[in-house]
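# Structure at a glance
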Amino acid sequence: MNSDDFMRRVISRVAPVLAMVVLAACATPDVAQDVYDPYEEDNRSAHGFNRGLDAVALRPAATGYGTIVPNPIRAGVTNFSSNLGMPSVILNDLLQANFADAGHNSLRFVVNSFLGLGGLFDVAGARGHETRPADFGETLAVWGAGEGAYLEVPFLGPRTERAFAGTVVDAVLNPVNYVLGPQYTVVIYGTRAGSVLESRFVLGDALDEILYESADSYALLRSLYLQNRRFELSQGGAIETDPGADIYEDLYGDIFEE
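Note that residues are indexed from 1 along each chain, following the sequence as it is written. Where totals are concerned, whole chains, interfaces and linings use all residues; where local detail is concerned, this predicted model gives features only for residues with pLDDT of at least 70, and gives and counts side-chain atom pairs only at 80 or more. Water and hydrogen atoms were dropped before computing side-chain values, which therefore reflect all heavy atoms in the structure.

A word on the packing of aromatic side chains. Any two of the Phe, Tyr and Trp rings considered here, Trp counted by its six-membered ring, make a pair once their centres fall within 6.5 Å; the pair's planes then place it as stacked at under 30 degrees, edge-to-face at over 60, or tilted in between. Under the definition given, this model contains four aromatic pairs. Relative to F155, the ring of F49 has its centre 5.2 Å away and its plane inclined at 75°; by these criteria the two rings are edge-to-face. With F49 in helix 2 (residues 40-68) and F155 in the loop between strand 1 (150-153) and strand 2 (157-160), this residue pair connects regions lying 106 residues apart in the sequence. By relative accessible area, which is 38% here, F49 ends up partly exposed. Strands are runs of DSSP state E lasting at least two residues, helices are runs of H or I lasting at least four, and both sets are numbered from the N terminus onward. Burial status follows relative accessibility: with a 1.4 Å probe on protein chains alone, a residue under 20% of its type maximum counts as buried, one over 50% as exposed, and anything between as partly exposed.

This is how it looks when you write it as structure tokens:
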């Protein structure tokens, strides 16, 4: 692919999502401790769809995957999928002018890509070189875009308007798409599907409690998501003690990021 074709391909993907970025930047200002959910009726419908999808497809598939596929293979699939996502993380580090994390994550990507056989083995992590996550929703927050309204999106789960815009942009701009090309689509989506199933299997009891045992699973998941997302953006880390805090990010986010 020559440089002109590459640029045309990038522009053709970027143009449709620019409007979403503008909308996110103009969204309702942050309400740090409140829930802004003007679309609750539609969101609850989407939540019902996601809950039903989990019950009839994702949960049983994850149970089968976790019990049949040996742990070393599952770990390799998850590591490989995570490594494929690192160029997008590094790009967002650069867009945020966070050069320290960009260097840290770049080193991690290089080490795992070469010494970890394309990322199948987390060599960098074993040496204490952990992932420092970043996404375009966070980039929009750094740029001053408001959080906007709460959304629950079919298949994707909980989001804010800003986070949803970030998810779309990350999917479009992931450098892996332009390096590997469409012929590797099956590999990319296959490994991400495996990573999703692994997350659902590992977090199974916690998610079951939230979705099927709480009095109002929609309100609980909304609260957990917003608390965790706001904490991530303000403190730079996830709340590990909240089992459902970012669970839909783990389950559904990666598989739709190209």
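Back to the text.
Attention now moves to helix 4 (residues 99-114). In this scheme, a helix's expected span is set at 1.5 Å multiplied by one less than its residue total. An ideal rise of 1.5 Å per residue puts 22 Å on 16 residues; helix 4 measures up with 22 Å between its terminal C-alpha atoms. For helix 4, the set of buried residues is D101, A102, H104, N105, R108, V111 and N112. By the convention used here, residues are in contact when the closest approach between their heavy atoms is within 4.5 Å. Where helix 4 is buried, its residues touch helix 3 (71-95) and helix 5 (123-126).

Within the fold, V176 resides in helix 8 (residues 175-180). For V176, a relative accessible area of 6% puts it in the buried group. Along the sequence, V176 and L84 sit 92 residues apart, while their C-alpha atoms lie 6.8 Å from each other.

Lines fitted to the C-alpha atoms define the axes, with helices restricted to the stretch that makes contact. Angles between their N-to-C directions range from 0 to 180 degrees. In the contact formed by helix 3 and helix 9 (residues 185-202), the axes pass within 8 Å of each other and the chain directions differ by 120°. Judged by the angle between their axes, helix 3 and helix 9 are oblique. Like other packed secondary-structure pairs, helix 3 and helix 9 cross with a definite hand, here left-handed. Only V187, I188, T191, R192, G194, S195, E198 and F201 of helix 9 make contact with helix 3, whose side of the interface consists of N71, R74, V77, T78, F80, S81 and L84. Any residue outside Ala, Val, Leu, Ile, Met, Phe, Trp, Tyr, Cys, Pro, Asp, Glu, Lys and Arg is labelled polar, Gly included; the first ten of those are nonpolar and the last four are charged. The residue inventory of the contact of helix 3 with helix 9, partitioned by class, reads six nonpolar, six polar and three charged. Oblique is the label for any angle not covered by the other classes, which are roughly parallel (under 35 degrees), roughly antiparallel (over 145) and roughly perpendicular (65 to 115). By convention, the crossing between two helices is left-handed when the near helix turns anticlockwise from the far helix through less than a right angle, and right-handed when the turn is clockwise.

The next subject is the pairing of strand 2. In this sheet, strand 2 lies alongside strand 1 in antiparallel orientation, the contact comprising four bridges. Across the sheet, residue E152 finds its bridge partner in strand 2, namely P158. Where strand 1 folds back onto strand 2 in an antiparallel hairpin, the turn is made up of three residues, including F155, whose phi is positive at roughly 75°. By this definition, two strands are paired if DSSP reports at least two bridges between them.

Another aspect to go through is the confidence of the model for the protein chain. On a scale of 0 to 100, pLDDT captures the predictor's confidence in every residue. Across the protein chain, the average pLDDT comes to 83, with 77% of residues at 70 or higher. Per-element confidence in the protein chain ranges from a low mean pLDDT of 51 for helix 12 (residues 247-253) to a high of 97 for helix 2. This stretch, residues 252-258, has a pLDDT under 50; its non-local contacts, to residues over four places away or in other chains, come to 27 contacts.

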